[in-house]
Amino acid sequence: MQRHPSRRALMAAGAALALPGAALAQAQAQSKAPLADALAPNPAAFRKAMADFTQGRAAQAEGLLLDVPTLADNPGAVPVKVKVTLPITEQDWCEEIIVLADLNPSPLACRLQFTAAAGTAEAAVRVRLSQSQTLHALARMKSGRLLAASQAVTVAASGCGM
């Protein structure tokens, strides 16, 4: 015969799991601080991502097209188009494009890799933005040339806290 726990035993177990009011308030306060930190801009990560990609070389302003709306009404899905406008040949093609959002908690918004067989280096993606900021696109060509483009975007509300 299987014995079921009494109502009194269930109530005692439930009370043991509940946190007292002061302890609950303290736990909530502590959990909000890391969340706020996680949503804050991370300039060190942005600088590191830029430095890792450029490896100390200067990027040229021509040859890369970045198309982003200047006003984004949905910060959770901002449309971004990136295209290398230089000729793609068997000797020189775009190997990689990255899109960085300088004020996002995690600045690397997108990384795209290409081969010579692609014939073109362009993509359309949607990125999430935490606030109004500048988007940066960088492209690395097989020859070692770096291309750069940037554009400021104003967002209607925060997209990272959704």
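To start, this report covers the structure provided alongside it. None of the values given here were measured: they were computed from a predicted structure. Throughout, a residue's number is its position along its own chain's written sequence, starting from 1. The predicted nature of this model means local features are confined to residues of pLDDT at least 70 and side-chain atom pairs, given and counted, to a pLDDT of 80 or more, with totals for whole chains, interfaces and linings taken over all residues. To get the side-chain values, take all heavy atoms of the structure and skip hydrogens and water.

**Section: the packing of aromatic side chains**
When two rings of Phe, Tyr or Trp (its six-membered ring) have centres within 6.5 Å they constitute a pair, described as stacked for plane angles under 30 degrees, edge-to-face for angles over 60, and tilted for the intermediate range. Scanning the model with the defined rule gives zero aromatic pairs in all. The rule for a charge over a ring is simple: NZ of Lys or CZ of Arg within 6 Å of the ring centre, and within 35 degrees of the ring normal. If you follow Arg-140 out to its NZ or CZ, it ends over the ring of Phe-53, 4.2 Å from the centre.

**What about the pattern of salt bridges?**
One speaks of a salt bridge when a side-chain nitrogen belonging to Lys or Arg is within 4 Å of a carboxyl oxygen belonging to Asp or Glu. Per the counting criterion, the structure on display carries five salt bridges. Asp-52 is the partner of Lys-48 in a salt bridge, and the nearest nitrogen-oxygen pair spans 2.8 Å. Of the two residues, Lys-48 and Asp-52 are both situated in helix H3 (residues 43-54); the distance of four residues between them amounts to about one turn of the helix. We call a residue buried when its accessible area falls under 20% of the maximum for its residue type, exposed when it is over 50%, and partly exposed in between, using a 1.4 Å probe and counting protein chains only. Asp-52 gets classed as partly exposed once you look at its relative accessible area, which sits at 45%. Connected through shared salt-bridge partners, Glu-96, Arg-111 and Arg-140 make up one network. A helix here means a DSSP run of H or I that spans at least four residues, while a strand means a run of E at least two residues long, and both kinds are numbered starting from the N terminus.

**A few points about the sheet that holds strand S6 (residues 122-127)**
The sheet built from three strands is open, its strands ordered S1-S3-S6 with antiparallel pairing. Of all the strands in the sheet, just strand S1 (64-67) and S6 have a single pairing partner and so form its edges. Along the sheet, successive strands turn relative to each other by an average axial angle of 15°, direction set aside. A pair of strands is labelled paired if DSSP reports no fewer than 2 bridges between them. Where S1 and strand S3 (residues 78-84) come together, four bridges link them in antiparallel fashion. Bridge assignment links Leu-64 to a residue of S3, and that residue is Val-84. Helix axes are fitted to C-alpha atoms over the stretch in contact, other axes to C-alpha atoms as well, and angles between N-to-C directions run from 0 to 180 degrees.

**Focus: the environment of Lys-48**
On the accessibility criterion, Lys-48 (51% relative accessible area) is exposed. Taking the C-alpha atoms as reference, Lys-48 lies 9.8 Å from Pro-107; in sequence the two are 59 residues apart. The definition of a polar contact used here is a pair of N or O atoms within 3.5 Å, where within protein one atom must be able to donate a hydrogen and the other to accept one, and adjacent residues in sequence count solely through side-chain atom pairs. Reaching out from Lys-48, the side chain makes a polar contact with the side chain of Asp-52 at a distance of 2.8 Å.

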